[in-house]
Amino acid sequence: MCVAMETTSGRGRKDNSMTKATRSVSPRQILCVLIMACTPILNGMLSGWTAVLPKMQEDRSRFTVTVQDVTWLASLNQIVGIGICPLAGTLGEYLGPRRLLFLATCPVPGFWLLQAYTPWLPLLYVCRAALAISTSLVCTMVQPLIAEICPAEIRGLAGSMPEVMGCVGILLSYVLAYLLPWDVATAVSAAPYVPLVLLMLLVPESPYWLVRKKKVDAAERSLRVLLGRNDDVTKELNAIRSTTTLKQSRVKNQLRELRRGHNIRPVVLIIALFILRELGGKAPVYSYTVYMFRSAGVELDAFYCTVFVGITRFGCTLVSAFIQDRLGRKPMLVASATASALALIAAGATVFLKVEGASWVPLAAMLVYVGAYALGLGPILWAYLGELLPTPVRSVAASLVTFCHFSSSFGVNYMFFEVVSAFGLGSTLMVFGSVNLVVAAVVFGFIPETKGRSLQDMEKAFAAKSPRRGKDNPAFDAEGLPPRPSDPHRLTRSDSPEAAASPVSSSTDPSPHASCTPPSTDALPCIPVDAADARCTPFDPRASDSKNGDSVSSCSHSSASTASVSLQESSSPASIRPEESAQQITHL
C-alpha cells in the first residue's frame, strides 16, 4: 500500500504538470514577457556603440580620444559587470526583480543624452559606466524573471527573445554609427527606452518573489494579471508555494541552500558552460571580427564585415527562438556547439596551412560559426539561467553565473592578442574549436532536456537518487515477504491506531501495507540476521548504548510481517519483551 500510494501521488504530480502545460497562454502574459524581453536591447546597443569610436577619434572639437581611451571605453562594460553582477542578486531579492529592472532602465535615456553632448571626456567615462551598471543588472535579472512569469509551452521562445533583442540593438548601433555623426547616433540611442520604461509599468512583480516575501495575496493578484482575472490560479499558486519557502527571501539563507547537492549541481554546470563558451572564442570573434578577416587575407570593408556578422546572428537567433519549443534545447545546443567547433577548426586550419586561393574559407567559416552560435550557444545558455537555476537559490546563482560570464569574457578578450602573437591566429582558432567540442560533450552528458517542463519538474532533475534500502539483507530475501517501503518513517494508513490494535491480522495479512505496521505484541518472534544480532540476546541496558554503531538496520516496521514466515521455519524462536521492542524502535 505504501508503494502504491507513492506511485499514485507521483502520477498525480505528473497529471498536475500536464494540466498546467495545457493551460492556454493569455495575451497579457505574452505582452508582459515581450516587454521584459526588450530590456536587453540596452546590452546590444551598448556593445555596438563602439562602432562610433573611429569617428570620435576624428572629431577633436571637444576632447581628444586616444587609442588607450578606445580600449578602455570598449572594455568598460565588462569591467563594470564584474563588480556589479555579484550585487545584482542581493538587490533583486531586496527590491524584487521587476522593480529592479524598472529602476535600472529609468535613467538610461538621460545617460545616453548626457554621453552624447558632454564637453568633458571624464564625464563620458562616467556615463558609459552608468550604462554598464544598468546593463549588468538587466543581464542578471531578466532571464529568471521571464522564466517565472512565462508558461512552459513558450519558454523556449520567451527565453530566446532577450538574445534576439540584443542582436537588434547591435544592428541598430551599427546602422546609426554608419549613417550619423557620433554624437547624434549616441543621442538617438536613447529613443527606444522612453516607451519601454512606460510599458514596464504594466508588468506585475514576480509571484515567486512575492511568495518568498510572505505576500501571498499580492502573488495571487500577480498571477491573475498574468493569466487573466477570471482564471483560477490556485494550482499555479500552490505549485509556487511548494518550491518556495520564507527562508529563501534572505541572501544568507540562499547561500546556505547553495551548499545542498541538488542546488549546487545545476549552478556549477551552467557556470562551466558559460566559461567554456567564452574560452571557445565567442568574445574575440565578435569584438575583433575585422582583424580576424584581414589577418586571414579577406579583403572586405569593415562596415560590411560587421553588418554581415550582425545580420547572420540576428537571423539565426530569430530562427532559434521559434524552433526551440519544437526541437528541444538540448539537441539544439549540442548541434550548435559541434557546428561552431567544426567552423573554427576549418578556419584555423586554413589560416595555419596558408592554403592559396582559399581566402573565402575563413569568411564562410566565421559566418557559419556566427550562425551556429546564434542557434544555440547564444540564446539557450541564457535561457538556462532561468530554467535550470533552482528556485531556492535563483537570485544568488544568477549573480554568480553572470559574474563568471563577465570575468571570463574580459579575460579572454584581454589575452587574445597576446595568445595570437605567441601561437598564431590559426592555432588559436583551432583551440577555440576544440573547447566548443567540450561544450557539446558536457551538454550531452549532464544537461537534462527542459522543453515543456515546469520549473518545479526541473528542480527534481538534479536531485540525487536515494539508495535502495535493505539491499543484500538476508532478512528480506524470503519468499512471500511484502516489499519494504521506500521510507519507513512515511505516515500511511497502516500507521493508524486501528491498524496497530490488530497485530494478528497485520502479521498474517499478505497485503503490502502490512509492512508498515509497527510491532505491538507482547512476545514477537525474533528473526536473527547473523550470530551477533542483538535482538536475540538477553536485554542488557548497559550494552545497548555501546553498540549504537553496530545496530542492524533490518529491525524495522516490517518485523511483524516477517514473523509469520519465521514461525514456520524455526521450532524454538526467541522472544522479545515489550520493553525491548520499544527500546529497539527508539534505538533505531
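Calculation notes
- Residues numbered from 1 in each chain as written.
- Predicted model: local features only at pLDDT ≥ 70, side-chain atom pairs only at ≥ 80, totals over all residues.
- Heavy atoms only, no water.
- Helix = DSSP H or I, 4+ residues; strand = E, 2+ residues; numbered from the N terminus.
- Buried < 20%, exposed > 50% of the residue type's maximum accessible area, 1.4 Å probe, protein only.
- Areas by Shrake-Rupley, 256 points an atom, 1.4 Å probe, with all protein chains shown as cover.
- Patch = residues over 30% accessible without salt bridge, like charges linked within 9 Å, V, L, I, M, F, W, Y side chains within 5 Å.
- Salt bridge = Lys/Arg side-chain N within 4 Å of Asp/Glu carboxyl O.
- Phe/Tyr/Trp six-rings, centres within 6.5 Å; stacked < 30°, edge-to-face > 60°.
- Contact = heavy atoms within 4.5 Å.
- Axes fitted to C-alpha atoms, helices over the stretch in contact; angles between N-to-C directions.
- Parallel < 35°, antiparallel > 145°, perpendicular 65-115°, else oblique.
- Left-handed = near helix turned anticlockwise from the far one by under 90°.
- Nonpolar A, V, L, I, M, F, W, Y, C, P; charged D, E, K, R; others polar.
- pLDDT = per-residue confidence, 0-100.

Draft legend 1. Fine view of the overall build of the protein. In terms of helices and strands, the protein carries 30 helices and two strands. Going through the 588 residues of the protein one by one, you find that 49% of them count as buried. Of the roughly 27300 Å² that the protein leaves accessible, carbon and sulfur atoms contribute 63%.

Draft legend 2. Layout of helix α3 (residues 41–48). Of all eight residues that make up α3, six are buried, and the element is covered over most of its length. Inspection of α3 places Ile41, Leu42, Gly44, Met45, Leu46 and Gly48 among the buried residues, and these make up the whole buried set.

Draft legend 3. A nonpolar patch on the surface, seen in detail. Where nonpolar side chains cluster on the molecular surface, the patch consists of Val175, Tyr178, Leu179, Tyr304 and Phe308 and spans about 520 Å² of accessible area. Going through the elements one at a time, α9 (155–179) and α19 (302–327) are the ones with two or more residues in the nonpolar patch. Among the elements that take part in the nonpolar patch, α9 stands out by supplying three residues, more than any other. Its place among the elements puts Phe308 in helix α19.

Draft legend 4. Structural view of the packing of aromatic side chains. Inspection of the entire model under this criterion finds six aromatic pairs. Measuring from ring centre to ring centre gives 5.0 Å for Phe274 and Trp382, while their planes differ by 70 degrees; the resulting arrangement is edge-to-face. In this pair, Phe274 sits in helix α16 (residues 261–279) while Trp382 sits in helix α22 (residues 379–387), placing the two residues 108 residues apart along the sequence. Look at Phe416 and Phe432: their rings are 6.4 Å apart centre to centre, the planes differ by 20 degrees, and that puts the pair in the stacked class.

Draft legend 5. Structural view of helix α2 (residues 27–37). For α2, the full list of buried residues reads Gln29, Cys32, Val33, Ile35, Met36 and Ala37. Where the residues of α2 are buried, they touch α6 (97–105), α8 (121–149), α9, α11 (193–199) and α13 (216–227).

Draft legend 6. Layout of the packing of α16 against helix α24 (residues 425–446). Packing of α16 against α24 leaves a shortest axis separation of 8 Å and a crossing angle of 160 degrees. By the angle between their directions, the pair α16 and α24 is classed as roughly antiparallel. You can see that α16 and α24 cross each other, and the crossing is left-handed. Listed contacts from α24 to Leu269, Leu273, Leu276, Arg277 and Leu279 of α16 are Phe432, Val435, Val438, Val439, Val442, Val443 and Phe446. When the residues that make up the contact of α16 with α24 are grouped by side-chain class, the tally is eleven nonpolar, no polar and one charged.

Draft legend 7. How the structure looks around the confidence of the model for the protein. The share of residues in the protein with pLDDT of 70 or more is 71%, and the mean pLDDT across the chain is 74. Below pLDDT 50 for its whole length, residues 1–22 participates in 19 contacts with residues either more than four positions away or in separate chains. Every residue in residues 466–588 is under pLDDT 50, and counting partners more than four places away or in other chains gives 120 contacts.

Draft legend 8. Molecular detail of the packing of helix α5 (residues 67–95) against helix α23 (residues 394–423). Contact pair α5 / α23: the axes reach a minimum separation of 8 Å and the direction vectors enclose 175 degrees. Judged by the inter-axis angle, α5 sits roughly antiparallel to α23. Residues Ser75, Asn77, Gln78, Ile79, Gly81, Ile82, Cys85, Pro86, Ala88, Gly89 and Glu93 of α5 form the contact with α23, whose own contacting residues are Ser395, Ser399, Thr402, Phe403, Phe406, Ser407, Ser409, Phe410 and Asn413.

Draft legend 9. A look at the pattern of salt bridges. Under the counting rule described, the total for this entry stands at ten salt bridges. A salt bridge links Arg62 to Asp183; the shortest N-O distance between them is 3.1 Å. With a gap of 121 residues between them, Arg62 in the loop between α4 (53–58) and α5 and Asp183 in helix α10 (residues 182–188) connect regions that are remote in the sequence. When salt bridges that share partners are traced, they join Arg277, Glu278 and Lys282 into one network.

Draft legend 10. Representation of the side chain of Glu163. Here Glu163 shows up in helix α9. Judged by its relative accessible area of 11%, Glu163 is buried. The residues contacting Glu163, other than those within four sequence positions of it, are Arg313, Thr317, Tyr373, Gly378, Pro379 and Trp382.

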